[in-house]
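Residue-level listing of the chains:
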Amino acid sequence: METLLERGIPIDAINEYSAVEKGRGGRPPHWEMVFWWTRKPLAGARAVVAASLLPADAYQTPEQFLNDLFPCRNSRKTVHACNPAPRLVEKMRGKKVLDPFAGFGSIPLEAARLGAEAVAVELLPAAYVFLKAVLEFPRRVKPQDVEKWGRWVVERLREEVKGLYDADIYIGTWEVKCPVCGRHTPLVGSWWLARVRGREGYERLAWMEWRNGRVEIRDLNEECRKEGGGSCDELRAEVSTRGEEGGSVVWRGRRYAVPLKNIDARRETAQCLHCRAEINHRVVNGKLVKGKKSEGDWYVKWALRQWNANYERYLKGEITLDDLKNSPARPILLVKARIENGLKFQPAAPQDVDKLWKAAEELKKTWGDPDIPTEQIPPYGNIGSGLRFPVYAVDKWYQLFNPRQLLTLIKLVKLIRETGRLAEEEKLREGASREEAKKYAEAITTFLAIALVRYVDYNCVTTRWNNGGQQVADAFSTRGIAMTWNWGDVSPFAYISGTGTFQINLEKLARVVTYLREALSQNTVSRVILDDATELSRLEGERFDVVVTDPPYADDVAYAELSDFYYVWLKRALSGVEGGELRPRFLPEAFFDEFGLEIPTQWQRFAPREVSENEGRWEHFGMKVTFADLLSRAFSNVVRFLKEDGLLVVYYVAKKPESWEALIDALWRRGGMTLAAAYPVETEFEASVVAMGKASVLGGYVSAWRRRAGERSLELDAAWEAAVGEVARRVEGRMKMVGGKNGATAWVYYYMAALEYLTAHFPVRMGGVELDSGGLLRAAVSLAFDALMRAAGVRLGDRAGYAYLALRILESERGYVDSDGLAHVERMTGMTHVELARLGLIREAETGGPRVAKRKVFEVLAPRSDAVDEVRRV
Ligand SMILES: C[S@@+](CC[C@H](N)C(=O)[O-])C[C@H]1O[C@@H](n2cnc3c(N)ncnc32)[C@H](O)[C@@H]1O
Ligand SMILES: [Zn+2]
């Protein structure tokens with residue numbers, strides 16, 4: 001049966017709906033529960049799942065399909081907010097959908113919402129817990145129940161942390177003992193506290209200064225109010241910044257200097273605020289030297305390592321509190337703020353810092369308590385695109401928290417555990433069966449545990465203070481966990497908008513549960529399964545109508561290591577404690593192995609099985625499995641569970657032609673499948689930090705695959721003309737569909753047409769040699785280019801003309817191509833970028849954007865010839 005997905009879906013409209021989900025106010029409410037990487041927009045997932053299950057002729061027009069998919073599309077921007085039309089749901093009854101890389105569950109959620117039976121598989125326990133909360137638990141509890149138990153926790157917590165907080169937020173950092181003058185100096189990553197733009201001037205301007213050996217605050221709104229004369233809600237000030245740090249402000253004719261940061265970890269240097277000495281010393285074998293960069297550790301890093309060692313020695317009772325305070329490095333609070341019409345900042349006094357030490361004393365009494373996350377963080381370095389472990393001298397998870405943060409989180413864990421017990425008892429008293437009562441308590445506890453881990457994300461020493469947004473930037477705001485200066489330490493009860501305090505997180509839950517209950521109101525069962533896509537032993541014997549999935553992309557995210565940040569807390573909140581150890585209680589399969597033994601961390605157990613590629617893991621585990629191998633292994637396994645005629649639909653991020661190699665290899669060469677359809681789709685990926693600085697963004701793609709009918713070999717040289725004709729026909733159809741799209745994105749879409757043609761055959765030979773997956777991809781680029789020329793009716797005399805044309809297709813709106821785009825041009829024309837530069841067609845340029853995203857781009861130069869004018873028409 002040909003499906004609607006193969007016949008064609010209105011992808012532009014669907015992408016527009018998906019794009020709304022990335023913006024403010026457009027996000028699905030349950031995404032606010034907690035951060036997860038590369039979640040897929042619900043609108044797109046719904047359309048793709050439905051179209052892969054529907055016959056090609058299910059709808060007469062694309063409009064009818066959209067109306068049934070998103071009945072509120074004419075009245076609301078967020079089309080995911082309403083359920084599909086009953087007429088469509090009826091067609092989905094009894095269909096089974098599998099997502100073996102389920103993540104946060106966009107695909108299974110939409111499958112369930114469509115009325116199909118969804119099975120979500122995940123390797124990682126942390127994701128498994130979140131999937132349970134998204135797909136199963138909303139049916140077990142009412143929003144009021146979550147609210148009620150949340151309130152209970154908050155009330156008890158108020159008692160428990162009395163005296164620990166007297167402000168809503170503290171901004172802290174690390175200070176080190178200066179190797180020159182011996183005093184402790186704060187390391188300040190930015191002196192700005194508030195730099196909030198208004199319509200014409202600044203709504204809020206405040207920063208810190210260093211005076212008389214301590215931090216003072218300069219708050220221009222406050223000064224304005226004291227001076228009187230005009231409104232102080234918007235200051236007519238001129239602000240200039242140097243880089244992001246420091247700068248100057250001119251206001252009412254006065255000029256103020258904002259200090260420059262005194263720490264530069266990348267260059268491994270800092271400055272003492274007391275004696276102004278440069279701190280670039282090294283420590284070699286425990287000795288301080290003014291040495292070369294290659295020797296030993298930078299003093300600051302060494303000092304932080306001493307802090308962590310002393311932190312543990314103090315908690316174990318091996319050293320005194322004074323010893324701990326005297327460590328070469330220690331946490332310090334710079335500022336505290338209360339919410340009074342916006343934030344009112346005050347310098348943190350020694351009494352404020354004392355609260356950290358008081359918390360340390362209380363923690364010390366509980367050392368050995370299994371609620372302190374003493375698990376190891378991965379000892380290996382590079383874990384993928386721009387993410388690094390270990391975080392600067394941190395080797396255990398609890399070290400990511402200052403003593404007060406840690407104490408509050410541990411108290412919360414205990415209260416949530418207690419709530420689980422009380423909720424179960426209450427249900428039993430009300431006459432529920434043991435099983436019902438336990439299921440209810442499990443769901444309540446899980447939601448509360450999720451509110452906790454989101455608070456963890458906003459209340460640790462790898463957060464940042466966002467002076468423009470007046471909020472804490474959570475640890476995962478850069479997708480990874482990185483060492484930072486100026487972290488936030490927030491009260492669990494504060495209402496700082498955009499900051500996930502425990503109180504705020506709880507209040508979101510009721511809305512989340514309401515939303516998910518509505519989404520899951522079709523009476524189908526969704527199942528969440530903790531398993532490995534390369535195994536799927538729990539599904540043995542089952543067959544699915546379609547598999548729709550979104551596998552990891554090479555080294556983009558190290559899921560196991562990063563989400564341990566959540567895992568170590570989820571495990572505690574959801575397990576019991578007995579005899580000083582964690583014991584199975586709720587979702588025990590996530591935290592204990594088949595012998596009932598606690599699973600310390602995800603990375604230790606699952607990282608080697610994660611479908612991705614990672615040098616740190618290779619070294620640590622002494623393995624070397626490529627992403628392509630793992631992906632292949634997973635897909636050849638997954639295909640076993642697909643009905644004979646079913647589609648395998650895969651989300652994938654396309655960059656250079658070679659980035660498709662792993663997928664093509666897994667599905668075409670090893671999996672016996674043929675590409676049946678492909679679409680460019682809006683994914684969350686494009687919004688990521690890494691993509692921002694690119695000259696052209698080749699976004700995500702959805703490709704649909706079927707089993708290949710028998711072996712059909714192809715001699716490509718002989719069949720070239722016919723192949724070009726066939727692909728040109730397909731390209732013509734697509735040119736209309738991609739209308740306004742970015743040239744590069746449109747190009748990959750055409751290139752998919754060539755792949756469709758080629759993957760229908762196996763083996764494919766060229767010049768007598770059988771093509772491997774890389775060879776097939778290269779052939780597809782030339783084939784697609786020839787076909788595009790034919791579809792557009794272009795014939796050019798010289799190679800340069802073709803090269804120019806290829807560049808024009810792939811350039812961004814501003815006239816640049818990045819190296820991924822250039823790889824396509826090289827394949828299209830057979831000319832290297834060196835040749836292209838020699839012909840004067842491109843010139844190397846620098847991108848702006850954040851440092852992590854800086855990459856090589858080339859400016860496309862524009863010789864205007866006749867050939868080129870002809871080309872312009874295309
Ligand atoms: C790109 S994410 C999926 C995101 C999801 N589509 C969403 O919208 O939230 C890929 C997921 O695959 C999971 N994964 C990696 N290796 C796996 C394996 N061997 N078996 C099952 N899941 C795996 C990762 O933990 C990750 O959550
Ligand atoms: Zn000094």
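Residues numbered from 1 in each chain as written. Chains lettered and ligands numbered in written order. Predicted model: local features only at pLDDT ≥ 70, side-chain atom pairs only at ≥ 80, totals over all residues. Heavy atoms only, no water.

Caption draft 1: Up close: the overall build of the chain. When helices and strands are tallied, the chain shows 29 helices and 34 strands. For the chain, the C-alpha radius of gyration of 29 Å lies close to 29 Å, the compact-globule estimate for 874 residues. Projecting the C-alpha coordinates of the chain onto the three principal axes gives extents of approximately 85 × 75 × 60 Å. Counting the 874 residues in the chain, one finds 61% classified as buried. Partitioning the intrachain contacts of the chain with sequence separation of at least 6 by distance along the chain shows that 72% fall at a separation of at least 24. Charged side chains in the chain number 126 positive and 120 negative. The centres of these two groups are separated by 3 Å. (Helix = DSSP H or I, 4+ residues; strand = E, 2+ residues; numbered from the N terminus. Rg over C-alpha atoms; globule rule 2.2 N^0.38 Å. Buried < 20%, exposed > 50% of the residue type's maximum accessible area, 1.4 Å probe, protein only. Contact = heavy atoms within 4.5 Å. Lys, Arg positive; Asp, Glu negative; His and termini not counted. Charge placed at Lys NZ, Arg CZ, Asp CG, Glu CD.)

Caption draft 2: Seen up close, the environment of phenylalanine 785. Topologically, phenylalanine 785 is positioned in helix α25 (residues 773–792). With 42 residues separating them along the chain, phenylalanine 785 and arginine 827 place their C-alpha atoms 9.3 Å apart. In contact with phenylalanine 785, not counting residues within four places along its chain, are Trp747, Tyr802, Ala806, Ile809 and Met828.

Caption draft 3: Looking closely at the coordination of the zinc ion (ligand 2). Within the first shell, the zinc ion (ligand 2) binds the protein through Cys178 (SG), Cys181 (SG), Cys272 (SG) and Cys275 (SG), at distances of 2.3 to 2.4 Å. Seen from the zinc ion (ligand 2), its four donor atoms lie at angles of 105 to 114°, and the figure they make is tetrahedral. Linear spacing of the donor residues for the zinc ion (ligand 2) on their chain is C-x2-C-x90-C-x2-C. One end of the pair, cysteine 178, is in the loop between β3 (169–177) and β4 (184–186); the other, cysteine 272, is in the loop between β12 (269–271) and β13 (278–279), and 94 residues separate them in sequence. On the basis of relative accessible area, cysteine 272 is assigned to the buried category, the value being 0%. (Donors = N, O, S within 2.8 Å, 3.2 Å for Na, K, Ca; no water. Tetrahedral: all angles 85-135°; square planar, octahedral: opposite > 155°, others 65-115°.)

Caption draft 4: Quick look at the pattern of salt bridges. For the structure on display, the rule yields 69 salt bridges. Here lysine 148 ties to glutamate 426 by a salt bridge, and the two come within 2.9 Å at their closest N and O atoms. Remark: glutamate 426 occurs in helix α13 (residues 403–429) and lysine 148 occurs in helix α8 (residues 143–160); sequence separation between them is 278 residues. A relative accessible area of 17% means that glutamate 426 is categorised as buried. With a closest N to O distance of 2.8 Å, glutamate 561 and arginine 617 form a salt bridge. You can see glutamate 561 sitting in helix α16 (residues 559–574) and its partner arginine 617 sitting in helix α19 (residues 615–621), a full 56 residues away along the chain. Put simply, Glu209, Arg211, Arg214, Glu216, Arg218 and Glu223 are held in one network by salt bridges that share partners. (Salt bridge = Lys/Arg side-chain N within 4 Å of Asp/Glu carboxyl O.)

Caption draft 5: The arrangement of the sheet that holds strand β5 (residues 192–197) in detail. Taken in spatial order, the three strands of this open sheet run β5-β6-β7, and their pairing is antiparallel. With partners counted over all chains shown, the strands left at the sheet margins are β5 and β7 (214–219), one partner each. Each strand axis lies, on average, 20° off the axis of its neighbour in the sheet, ignoring direction. As judged from the five bridges shared by β5 and strand β6 (residues 202–211), these two strands associate in the antiparallel manner. Bridge pairing in β6 links arginine 195 to leucine 205. Sheet contacts for helix α9 (residues 220–227): β6 and β7; angle to β7, the most-contacted strand, approximately 60°. (Pairing = 2+ DSSP bridges. Axes fitted to C-alpha atoms, helices over the stretch in contact; angles between N-to-C directions.)

Caption draft 6: Just the domain arrangement of the chain, in detail. Under the domain assignment used here, the chain contains domain 1 (4–142 + 516–687), domain 2 (712–731 + 744–793) and domain 3 (796–874). For domain 1 and domain 3, the distance between their C-alpha centres works out to 37 Å. (Domains from an automatic or database assignment.)

Caption draft 7: Representation of helix α2 (residues 11–20) in the model. Turning to α2, its buried residues are Ile11, Ile14, Asn15, Tyr17 and Ser18. In an axial view of α2, the angular spread of the buried residues amounts to 160°, which keeps them on one side of the axis. (Arc of directions from axis to C-beta.)

Caption draft 8: Examining empty space enclosed by the protein more closely. Going through the model one piece at a time under the given rule, you end up with five cavities of 30 Å³ or more. In this structure, the largest cavity encloses a volume near 470 Å³. Lining the largest cavity we find 37 residues, and of these Phe101, Asp550, Pro551, Pro552 and Tyr559 sit closest to its centre. Of all the elements in the fold, those that place two or more residues in the lining of the largest cavity are α6 (106–113), β2 (117–122) and β26 (642–653). In this structure, the second largest cavity encloses a volume near 60 Å³. Lining the second largest cavity we find 12 residues, and of these Trp174, Val394, Gln399, Val461 and Met483 sit closest to its centre. Ranked by the residues each element gives to the lining of the second largest cavity, the list is headed by helix α10 (residues 299–315), at three residues. (1 Å grid on protein atoms, 1.4 Å probe; cavity = no way out; pocket = protein on both sides within 12 Å on 5 of 7 lines; lining within 4 Å. Points joined across faces, edges and corners; volume = space filled by probe spheres on them.)

Caption draft 9: Highlighting the nonpolar core. Ranked by internal contacts, the top residues of the largest apolar core, which has 214 residues, are Met33, Val249, Leu452, Phe502, Phe565, Tyr566 and Trp569. Here the element with the most residues in this core is helix α14 (residues 434–458); it accounts for 14 residues. Excluding anything up to four places from it in sequence, tryptophan 569 contacts Asp371, Pro373, Phe401, Leu406, Leu409, Ile410, Val413, Leu452, Val453 and Val456. Core analysis: the second largest hydrophobic core is formed by 94 residues, Ala728, Ala779, Leu783 and Ala787 among them. (Core = buried A, V, L, I, M, F, W, Y, C linked by side-chain atoms within 4.5 Å.)

Caption draft 10: Fine view of the side chain of threonine 269. Along the chain, threonine 269 falls in strand β12. For threonine 269, a relative accessible area of 10% corresponds to the buried category. Side chain to side chain, threonine 269 and glutamate 278 meet in a polar contact 2.7 Å long. Apart from the residues within four sequence positions on either side, threonine 269 is in contact with Ile263, Asp264, Glu278, Ile279, Asn280 and Trp298. (Polar contact = N/O pair within 3.5 Å; in protein donor to acceptor, adjacent residues only side chain to side chain.)

Caption draft 11: Spotlight on the packing of aromatic side chains. All chains considered together, the criterion is met by 35 aromatic pairs. Seen in terms of ring centroids, tryptophan 37 and phenylalanine 476 are 4.9 Å apart; in terms of plane orientation they differ by 70°. Their pairing is edge-to-face. Remark: phenylalanine 476 occurs in the loop between β20 (471–473) and β21 (487–490) and tryptophan 37 occurs in the loop between α2 and α3 (42–53); sequence separation between them is 439 residues. In this structure tryptophan 37 comes out as buried when scored by relative accessible area, which is 2%. Here the aromatic residues Phe35, Trp36, Trp37, Phe104, Phe130, Trp397, Phe476, Tyr559, Phe565 and Tyr566 are joined through ring pairs into a cluster of three or more. The ring of phenylalanine 544 carries lysine 96 above its face, with NZ or CZ at 4.8 Å from the centroid. A cation over an aromatic ring shows up here: arginine 158 above the ring of phenylalanine 493, its NZ or CZ 4.3 Å from the ring centre. (Phe/Tyr/Trp six-rings, centres within 6.5 Å; stacked < 30°, edge-to-face > 60°. Lys NZ or Arg CZ within 6 Å of the ring centre and 35° of its normal.)

Caption draft 12: Looking closely at the site of ligand 1. Contacts to ligand 1 come from 24 residues, most closely from Lys40, Phe104, Glu122, Ala533 and Asp550. In this structure, phenylalanine 104 approaches ligand 1 through a main-chain N or O atom, which is 2.9 Å from an oxygen atom. The fraction of the free accessible surface of ligand 1 (610 Å²) that becomes covered by protein chains is 99%. Of the pockets mapped on this structure, ligand 1 occupies the largest cavity. (Near = heavy atom within 4 Å. Areas by Shrake-Rupley, 256 points an atom, 1.4 Å probe, with all protein chains shown as cover. Sits in = over half its atoms within 2 Å of the grid points.)

Caption draft 13: Local environment of the sheet that holds strand β1 (residues 96–99). Reading across from one edge, β22-β2-β1-β23-β26-β28-β27 is the order of the seven strands in this open sheet, with mixed pairing throughout. Here the strands that pair on one side only, and so sit at the sheet edges, are β22 (527–530) and β27 (673–681). Across the sheet, the mean angle from the axis of one strand to that of its neighbour is 20°, orientation sign disregarded. Pairing between β2 and β22: four bridges, direction parallel. Residue pairing across strands places glutamate 122 opposite leucine 530, the latter belonging to β22. Its contacts with the sheet place α6 against β1, β2, β23 (544–549) and β26, and it is angled at close to 165° to β2.

Caption draft 14: The arrangement of the confidence of the model for the chain in detail. Considering every residue of the chain, the mean pLDDT works out to 90; 92% of them sit at 70 or more. Low pLDDT, under 50, characterises residues 685–698; the predicted model gives this stretch 44 contacts beyond four residues in sequence or across chains. Of the regions scoring below 50 in pLDDT, residues 849–854 engages in 11 contacts with residues more than four places distant in sequence or in other chains. (pLDDT = per-residue confidence, 0-100.)

Caption draft 15: Looking closely at the state of the cysteines. Under the definition given, this model contains two disulfides. The side chain of cysteine 72 participates in a disulfide bridge whose partner is cysteine 82; the two sulfur atoms lie 1.9 Å from each other. Across the disulfide from cysteine 72 to cysteine 82, rotation about the S-S bond amounts to roughly -85°, and the bridge is consequently left-handed. With cysteine 72 in the loop between α4 (62–69) and α5 (86–92) and cysteine 82 in the loop between α4 and α5, this pair connects stretches of sequence that are 10 residues apart. Note on cysteine 82: relative accessible area 16%, which makes it buried. Disulfide pairing places cysteine 224 opposite cysteine 232 at an S-S distance of 2.0 Å. Taking the torsion about the sulfur-sulfur bond, which here is approximately -80°, the covalent link between cysteine 224 and cysteine 232 counts as left-handed. Each member of the pair, cysteine 224 as well as cysteine 232, is classed as buried. (Disulfide = S-S within 2.5 Å.)

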